[in-house]
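The chain contents come next:
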Amino acid sequence: MLAVIIVILIIWAVMWAFYKFMYPRAPKSMMPKKGDVTTPRQCDFCGNSLAEYRGVLETKPVSVEEISAAGLAVSDSGSDMKGHKELFFCNYEHQADFHGGKTYQADA
Ligand SMILES: [Zn+2]
């Protein structure tokens, strides 16, 4: 009986070591740091949802005309927006694409 337990423990230890080797822990930079916002947000370019700290958040004052020109829906519920449109992107590439070509894809 003891041998069975020992064998199981050895197998477990070997498996643990194997997975530790195969899948090393994600680098520190990938892990959420203290103060990072982990709330999921949707990319304004491709519609992919991503934790806020992983992507690019862009806050700048934008006129309503510009928002409608970009084809973005202006919600009347956000009365506290005061002309500030918050944009979120997966990465800088999507941010650049969004501002470069004015094509807005809701679900791509
Ligand atoms: Zn994106």
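Cut-offs applied
- Residues numbered from 1 in each chain as written.
- Predicted model: local features only at pLDDT ≥ 70, side-chain atom pairs only at ≥ 80, totals over all residues.
- Heavy atoms only, no water.
- Helix = DSSP H or I, 4+ residues; strand = E, 2+ residues; numbered from the N terminus.
- Buried < 20%, exposed > 50% of the residue type's maximum accessible area, 1.4 Å probe, protein only.
- Contact = heavy atoms within 4.5 Å.
- Areas by Shrake-Rupley, 256 points an atom, 1.4 Å probe, with all protein chains shown as cover.
- Phe/Tyr/Trp six-rings, centres within 6.5 Å; stacked < 30°, edge-to-face > 60°.
- Core = buried A, V, L, I, M, F, W, Y, C linked by side-chain atoms within 4.5 Å.
- Arc of directions from axis to C-beta.
- Patch = residues over 30% accessible without salt bridge, like charges linked within 9 Å, V, L, I, M, F, W, Y side chains within 5 Å.
- Salt bridge = Lys/Arg side-chain N within 4 Å of Asp/Glu carboxyl O.

**Thoughts on the overall build of the chain**
- Within the chain one finds three helices and four strands.
- By residue count, 20% of the 108 residues in the chain fall in the buried class.
- For the chain, the proportion of contacts with a sequence separation of at least 24, taken over those separated by at least 6, is 61%.
- For the chain, the accessible surface area stands at approximately 8,500 Å², while carbon and sulfur atoms represent 62% of it.

**Quick look at the packing of aromatic side chains**
- Considering all chains together, one arrives at two aromatic pairs under this definition.
- With 5.0 Å between their ring centres and 50° between their planes, Phe-89 and Phe-98 make a pair best called tilted. Neither residue differs from the other here; Phe-89 and Phe-98 are each classed as buried.

**So, the nonpolar core**
- Counting eight residues, the largest nonpolar core is built from Cys-43, Phe-45, Cys-46, Val-56, Leu-87, Phe-89, Cys-90 and Phe-98.
- Phe-89 has contacts with Cys-43, Asp-44, Phe-45, Gly-55, Val-56, Glu-58, His-94, Gln-95, Phe-98 and His-99, leaving out every residue within four places of it along the chain.

**Considering helix H3 (residues 92-100)**
- Within H3, burial applies to His-94, Gln-95 and Phe-98. Each buried residue of H3 sits inside an arc of 105° when the element is viewed along its axis, so together they form one side. Set apart from the buried face of H3 by more than 90 degrees, the exposed residues are Tyr-92, Glu-93 and Gly-100.

**Comments concerning a nonpolar patch on the surface**
- A contiguous nonpolar patch, built from Val-7, Ile-11, Met-15, Phe-18, Tyr-19, Phe-21, Met-22 and Tyr-23 and spanning about 890 Å² of accessible area, is present on the exposed surface.
- The topology assignment puts Met-22 in helix H1 (residues 2-22).
- Under the relative-accessibility criterion, Met-22 is labelled partly exposed at 41%.

**Here's the deal with the pattern of salt bridges**
- In total, this model carries two salt bridges according to the counting rule given.
- The partner of Glu-52 in a salt bridge is Arg-41, and the shortest N-O contact between them spans 3.2 Å. Residue Glu-52 is found in the loop between strand E2 (49-51) and strand E3 (56-61), and its partner Arg-41 is found in strand E1 (residues 40-42); the two are separated by 11 residues along the sequence.
- Given the relative accessible area of 15%, Glu-52 is considered buried.

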